[in-house]
Amino acid sequence: MTKAYERLLSCFRSFEEKIQFRPKVALVLGSGLGDYADSIRAEAVLDYHELEGFPVSTVSGHKGRFVFGYVNEIPVVIMQGRVHYYEGYSMEDVVLPIRLMKLMGAEILFLTNAAGGVNFDFQAGDFMMITDQIASFVPSPLIGPNIEELGERFCDMSQIYDRGLCQAIRDAAEELGIALKEGTYIQLTGPNFESPMEVKMCRILGGDAVGMSTACEAVAANHMGMRICGISCISNLGCGMTDQPLSHVEVKETADRVAPQFKQLITSAITRMGKEL
Ligand code: HPA
């Protein structure tokens, strides 16, 4: 058994001692989007620091806890705050929570984030459903001895974002009258925002939105055979696309502004996904 798996199991055992709840859907909330967890019927809460060996996030706007509860009768676990590679954690740390949620029972992983738009058709406040990703600028979380118990060494990545789940998000957006963009998410390490030339590079490579999370989590989840979907909240346009400098305050302000619509979209999409479980 690998060290990474041993550590994961010890985290899982410490979860099992505290929480009986078994989720079917795992939802990760991005910067400024964490309020969603306060709107669900919660059954239990578990702070990350209560779990032995669990990485704890340091970013402001990220709370750092699991919320267990129901979205229209569907049992969910919500990560209110994630850990980022730029905080200095290893990739193994960064994806440990994702792996843990799979062990908890989650079959579906719903990823959200705040991201910069690099596509000129986007504007701040848009939602972009992620249809594919570029994770090549960050180390793969699968580097190191393969965790055979979770998945195979050379895993296929031909359809990371599940077609059925994507359709559920499209249908939800349409029913709610919420405009939904679609595109490719590209992950860079951060924590600095991109230079104008890096934003241009992302666009030339085929990226539509750029951020500092998500893609590596999707790699780890794909390795374990989870069904994955994701939405980026476009909190700003990439550096150099407008005259304004970027700030984390702006990222949070935009997320706050679109939060009501975001909540509706997530709730409706999860409800639809629940029918497939
Ligand atoms: N770049 C990278 N990550 C981000 C951005 C951005 O412009 N906005 C929010 N997260």
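The structure under discussion appears in the preceding block.
The rules behind each value
Residues numbered from 1 in each chain as written. Predicted model: local features only at pLDDT ≥ 70, side-chain atom pairs only at ≥ 80, totals over all residues. Heavy atoms only, no water. Buried < 20%, exposed > 50% of the residue type's maximum accessible area, 1.4 Å probe, protein only. Helix = DSSP H or I, 4+ residues; strand = E, 2+ residues; numbered from the N terminus. Pairing = 2+ DSSP bridges. Right-handed = clockwise from strand over helix to strand, strands pointing away. Near = heavy atom within 4 Å. Polar contact = N/O pair within 3.5 Å; in protein donor to acceptor, adjacent residues only side chain to side chain. Areas by Shrake-Rupley, 256 points an atom, 1.4 Å probe, with all protein chains shown as cover. Nonpolar A, V, L, I, M, F, W, Y, C, P; charged D, E, K, R; others polar. 1 Å grid on protein atoms, 1.4 Å probe; cavity = no way out; pocket = protein on both sides within 12 Å on 5 of 7 lines; lining within 4 Å. Points joined across faces, edges and corners; volume = space filled by probe spheres on them. Salt bridge = Lys/Arg side-chain N within 4 Å of Asp/Glu carboxyl O. Contact = heavy atoms within 4.5 Å. Expected span 1.5 Å × (residues − 1). Axes fitted to C-alpha atoms, helices over the stretch in contact; angles between N-to-C directions. Parallel < 35°, antiparallel > 145°, perpendicular 65-115°, else oblique. Left-handed = near helix turned anticlockwise from the far one by under 90°. Phe/Tyr/Trp six-rings, centres within 6.5 Å; stacked < 30°, edge-to-face > 60°. Disulfide = S-S within 2.5 Å.

Engineer: For the pairing of strand β7 (residues 181–187), give the residues involved together with the corresponding values.
Structural biologist: Burial runs high along β7: five of the seven residues are buried. Alignment of β7 against strand β8 (residues 209–211), held across three bridges, turns out to be parallel. If you follow Q187 over to β8, its bridge partner there is G211. Traced from β7 through helix α4 (residues 196–204) to β8, the parallel crossover comes out right-handed.

Engineer: Pulling in residues and values, what's your account of the site of the ligand?
Structural biologist: If you check the shell around the ligand, you find A114, A115, G116, F193, E194, V210, G211, M212, S235, N236, L246 and V251 and nothing else. Taking A114, its main chain carries an N or O atom lying 3.3 Å from a nitrogen atom of the ligand. Between the ligand and S235 there is a distance of 3.5 Å, counted from a nitrogen atom to a side-chain nitrogen or oxygen. For the ligand, whose accessible area on its own is 260 Å², the fraction buried by protein is 96%. Considering every element that reaches the shell around the ligand, the biggest residue donor is strand β5 (residues 108–117), with three residues. By residue class, the composition of the shell around the ligand is seven nonpolar, four polar and one charged.

Engineer: Please set out the layout of surface pockets residue by residue, giving values where relevant.
Structural biologist: The computed volume of the largest pocket comes to approximately 350 Å³. Those elements giving two or more residues to the lining of the largest pocket turn out to be β5, β8, β9 (227–237) and α6 (248–274). Of all the elements, β5 adds the most residues to the lining of the largest pocket, at four residues. Residue composition of the lining of the largest pocket, by class: 11 nonpolar, 11 polar and two charged. Quantified by volume, the second largest pocket comes out at close to 180 Å³.

Engineer: Let's hear about the pattern of salt bridges: which residues, and what values?
Structural biologist: Following the criterion strictly, the structure yields 10 salt bridges and no others. Ionic pairing is found between D126 and K181, a salt bridge with its closest N-O pair at 2.9 Å. Taken as a pair, D126 in the loop between β5 and β6 (127–134) and K181 in strand β7 lie far apart in primary sequence, 55 residues in all. When its relative accessible area of 13% is taken as the criterion, D126 is described as buried. Two residues, D162 and R227, come together in a salt bridge whose shortest N-O distance is 2.8 Å. Here R227 lies in strand β9 and D162 lies in the loop between β6 and α3 (163–176), a separation of 65 residues in the sequence. Look at the salt bridges and you will find they share partners, linking R7, E92 and D93 into a network.

Engineer: Kindly report on the environment of F120, identifying the contributing residues and their values.
Structural biologist: Note that F120 resides in the loop between β5 and β6. Residues F120 and M241, spaced 121 residues apart in sequence, show a C-alpha to C-alpha distance of 7.9 Å. Once residues within four sequence positions are removed from consideration, F120 is found in contact with R203 and M241.

Engineer: Requested: an account of helix α1 (residues 3–18), with residues and values cited.
Structural biologist: Between the first and last C-alpha of α1 there are 23 Å, a value that for 16 residues agrees with the 22 Å anticipated at 1.5 Å per step. Every buried residue of α1 is listed here: A4, Y5, L8, L9, C11, F12, S14 and F15. On the buried face of α1, the contacting elements are β2 (41–47), β3 (65–71) and α2 (91–104).

Engineer: Requested: an account of the packing of α3 against α6, with residues and values cited.
Structural biologist: Two elements in contact, α3 and α6, have axes whose closest approach is 8 Å; the angle formed by their N-to-C orientations is 130 degrees. When the interaxial angle is binned, α3 and α6 end up oblique. By crossing handedness, the relation of α3 to α6 is classed as right-handed. For the pair formed by α3 and α6, the contact residues are L165, A168, I169, D171, A172, A173, E175 and L176 on the first element and Q264, L265, S268, A269, R272 and M273 on the second. Of the residues assigned to the contact of α3 with α6, the class counts are nine nonpolar, two polar and three charged.

Engineer: Describe in detail the packing of aromatic side chains, supporting the description with residues and values.
Structural biologist: For any two aromatic rings, the description comes down to two numbers: the centre-to-centre distance and the angle of the planes. Tallied over the entire structure, the rule returns nine aromatic pairs. An aromatic cluster of three or more residues is present, and its members are F12, F15, F21, Y48, F54, F66, F68 and Y70.

Engineer: So what about the state of the cysteines? Which residues, and what values?
Structural biologist: This structure, assessed with the given rule, holds zero disulfides. Cysteine C155 remains unbridged, with the sulfur of C216 as its closest cysteine sulfur at 14 Å. Between C202, a cysteine without a disulfide, and C239, which holds the nearest cysteine sulfur, the sulfur-to-sulfur distance is 11 Å. Relative accessible area serves as the criterion here: at 0%, C202 is assigned to the buried category.

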